[in-house]
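The residues making up each chain are set out below.
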Amino acid sequence: MPFPSAGCQTCKSRRIKCDGTLPVCQRCIKSRRECYGMRDAKSLAFVHSENDFADGKVKRPRGPRSRRNLPSHHHDSDDTKARAMAFYFQNFLQAPKETPDLIQSLADDYMAGRESFASSQLLNTAVSAMALGTFARTHRHAEAEVQAFKAYEQVLRNAQSAIQSLDSGNVDVCLLVIFFMSRFSHHDGASAVLKMWKERFSPSHPPSDVIKHTRRGMTRSALLRTRALPDWMRDGSEFGECGLELAYDRIMVRILELRQLAQDMTSTEELIIEISALHRALDEWRSAFPKKWNFRRHELSEPLGLDPQDFNYSRTVYSYPSPTYAGVWAKYYATKMLVENIRISLSPTHLPTAEASDQTSDSLACLESFANDLASTVPFALERFKLACSPTDGISFNTEDIKPYNATLIAWPLTMASGISRLKPDQRSWFRSAVARIGRVVGVGVLECAETEKWFDL
C-alpha cells in the first residue's frame, strides 16, 4: 500500500513534489499559488489505525473483524486549521523585501524570530486563534470561527498567569500574544506589560523590536482615543526608536500633546505656532527620506472615478520603487492632514473676520491637496497598477485581488484620513469607503464600520 504524501494539498493536486516547508511551501510561493497546507501527523493517523494491534498495545478483538471502532477518515478540523494557517501566513505575514522599519509591525517581528518563539505553546495557540479568526471572516467559514474561539478561550485561561509571572525572558512572547489576541479583545494589557518591562527589566534587557512596535501601537491607540501618552512612555528612544523612526515618533508625541492643549483651551496663538513648527518638522523628516523612496507622477487618460473598488478618484497616480515606500509616504501625507485639521479647528479670534476667513480657506486648500496626494498614493501601495517595462508604454492595471499584506501597509494612514472632520464630504466619503474595503480584505470588523455613523472624528 503506498504511503500517503504529507506534502501540501496544492502540490498534490498539481502532482509535483512538495518541499514540505511550513506553513507555506516554497513551491507555492514561487508559483504564486495559494498553499492549502500540510496534513499533520494527527491527520494522517488513520493510515496506521491497526498498528496498535500489531505492536501489542491493544488486544485484538475476537470474532469477525469490525470497522466500527476504527478512527474516522474525516479530519475536517485538522484540515480547516491547516488551511487557515497556510492562508494567514501566506497572505498576511509574508513581508516584501526591504520593508522600512517605519512601517514594520509586530507581525514582522514574529516572522523574524519565529524559530526562537516556536517553543511557546501559548504564542502558538494565539497565532492559531488569529489565523482561524481571519480565515473565518474572509471565507465566511463557520467551523474556523468555532475553532478560533476555542483557541482564544485557551489562550485567555493561560495568558493571565504568564503576565503575572513576567520575566525578562518572556516579555516579547507576552506582547506578541496580546497583539495576536487583539482581534478578540482590547490590547490595553500591552501597556501594563510595557510598564513592567520599563520598571523591572529595561536596565538589563534592552528594548527588542517587539517592545518598540508595541509602543507604536500604544501611540496610535492614544491618538484614536484622544489621550496623551503617560510620562513613562513618551520618550521613544528608551523603547528602541532611532533615526527616521525616532524623528517621526517625536512628531506624533507632540501631536498628542497639541490635541490635549487644544481641548484645554490653551492660547490659540501658542497652538498656531506649534502647528507651524510641526509642519516644518514633518517636512524635515520627509527631506531625510532616501532618494530611492521618491515617487513619479502619472496622468491617466481618464479618471478612475469615486468607486472605492478603484481606490482612486482623480487622473493622477503616484508610483514608487516599492509598495512599502508608498506606505511611508502615505503616513507622511496623512500626518500632514492631521496637523492641518487641528489648525482649521482653531478659530483665530484675535484676527479680523476677513483675515481669519482667508487663513481658513488657505488651510482647507492645503488639506485638500494632502488628501489628493494620499489618494494618489493608495493605488500603487495596493498594487492596483504596475509600471510597464518601457517608459513609453505607460502603466498597466491589475485586476487581481488585493493582497492582505499590501492592505495593512496603507490601513493606518487611511484610518487617520477617514477621521479628518474638515475634509470635503466627497473626499471623506471616499476615504471611509476605502477603509471599509480594506477591512473586508484583511478581515478586521472594526475597519468595516468606517462607513457607519459611529465612525470617529479626529
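Worth saying up front: this structure is predicted, and the values here are computed from it rather than measured.

**Here we look at the overall build of the protein**
Then, number 1: Check the secondary structure of the protein and you find 18 helices and four strands.
Then, number 2: Split into buried and exposed, the 458 residues of the protein put 47% on the buried side.
Then, number 3: Taking contacts inside the protein between residues at least 6 apart in sequence as the whole, the part at least 24 apart equals 69%.
Then, number 4: Carbon and sulfur atoms provide 50% of the accessible area of the protein, an area that totals close to 23600 Å².

**Examining the side chain of Thr 316**
Then, number 1: Mapping Thr 316 onto the fold places it in strand E2 (residues 316-319).
Then, number 2: Among the polar contacts made by the side chain of Thr 316, one reaches the side chain of Glu 299 at a distance of 2.9 Å.
Then, number 3: In contact with Thr 316, not counting residues within four places along its chain, are Arg 297, His 298, Glu 299 and Ser 376.

**Section: the nonpolar core**
Then, number 1: Residues Tyr 110, Leu 123, Trp 285, Met 337 and Phe 431 are the most contacted members of the largest nonpolar core, which totals 130 residues.
Then, number 2: The leading source of residues in this core is helix H14 (residues 323-345), at 13 residues.
Then, number 3: If near-sequence neighbours (up to four positions away) are discounted, Trp 285 is found in contact with Leu 102, Leu 244, Ala 247, Tyr 248, Ile 251, Val 328 and Tyr 332.

**Observations regarding empty space enclosed by the protein**
Then, number 1: For the structure shown, the criterion picks out one cavity of 30 Å³ or more.
Then, number 2: A volume near 150 Å³ is recorded for the largest cavity.
Then, number 3: When contributions to the lining of the largest cavity are tallied by element, the ones reaching two or more residues are helix H11 (209-224) and helix H12 (243-263).
Then, number 4: By residue number, the principal contributor to the lining of the largest cavity is H12, which donates four residues.

**Observations regarding the confidence of the model for the protein**
Then, number 1: Chain-level statistics for the protein give a pLDDT mean of 83 and a share of 81% at 70 or above.
Then, number 2: Looking at the elements of the protein, mean pLDDT is at its lowest for helix H3 (residues 51-54), recorded as 52, and at its highest for H14, recorded as 95.
Then, number 3: Below a pLDDT of 50 lies the segment residues 40-50, which in the model reaches 19 contacts outside its immediate sequence neighbourhood of four places, other chains included.
Then, number 4: Contacts of residues 66-74 to residues separated by more than four positions or lying in other chains number six contacts, the stretch itself having pLDDT below 50.

**Observations concerning helix H13 (residues 268-287)**
Then, number 1: Compared with the 28 Å implied by 1.5 Å per residue over 20 residues, the 29 Å span of H13 between its first and last C-alpha is a close match.
Then, number 2: Along H13, the residues classified as buried are Leu 271, Ile 275, Ala 277, Leu 278, His 279, Ala 281, Leu 282 and Trp 285.

Scoring rules and cut-offs
- Residues numbered from 1 in each chain as written.
- Predicted model: local features only at pLDDT ≥ 70, side-chain atom pairs only at ≥ 80, totals over all residues.
- Heavy atoms only, no water.
- Helix = DSSP H or I, 4+ residues; strand = E, 2+ residues; numbered from the N terminus.
- Buried < 20%, exposed > 50% of the residue type's maximum accessible area, 1.4 Å probe, protein only.
- Contact = heavy atoms within 4.5 Å.
- Areas by Shrake-Rupley, 256 points an atom, 1.4 Å probe, with all protein chains shown as cover.
- Polar contact = N/O pair within 3.5 Å; in protein donor to acceptor, adjacent residues only side chain to side chain.
- Core = buried A, V, L, I, M, F, W, Y, C linked by side-chain atoms within 4.5 Å.
- 1 Å grid on protein atoms, 1.4 Å probe; cavity = no way out; pocket = protein on both sides within 12 Å on 5 of 7 lines; lining within 4 Å.
- Points joined across faces, edges and corners; volume = space filled by probe spheres on them.
- pLDDT = per-residue confidence, 0-100.
- Expected span 1.5 Å × (residues − 1).

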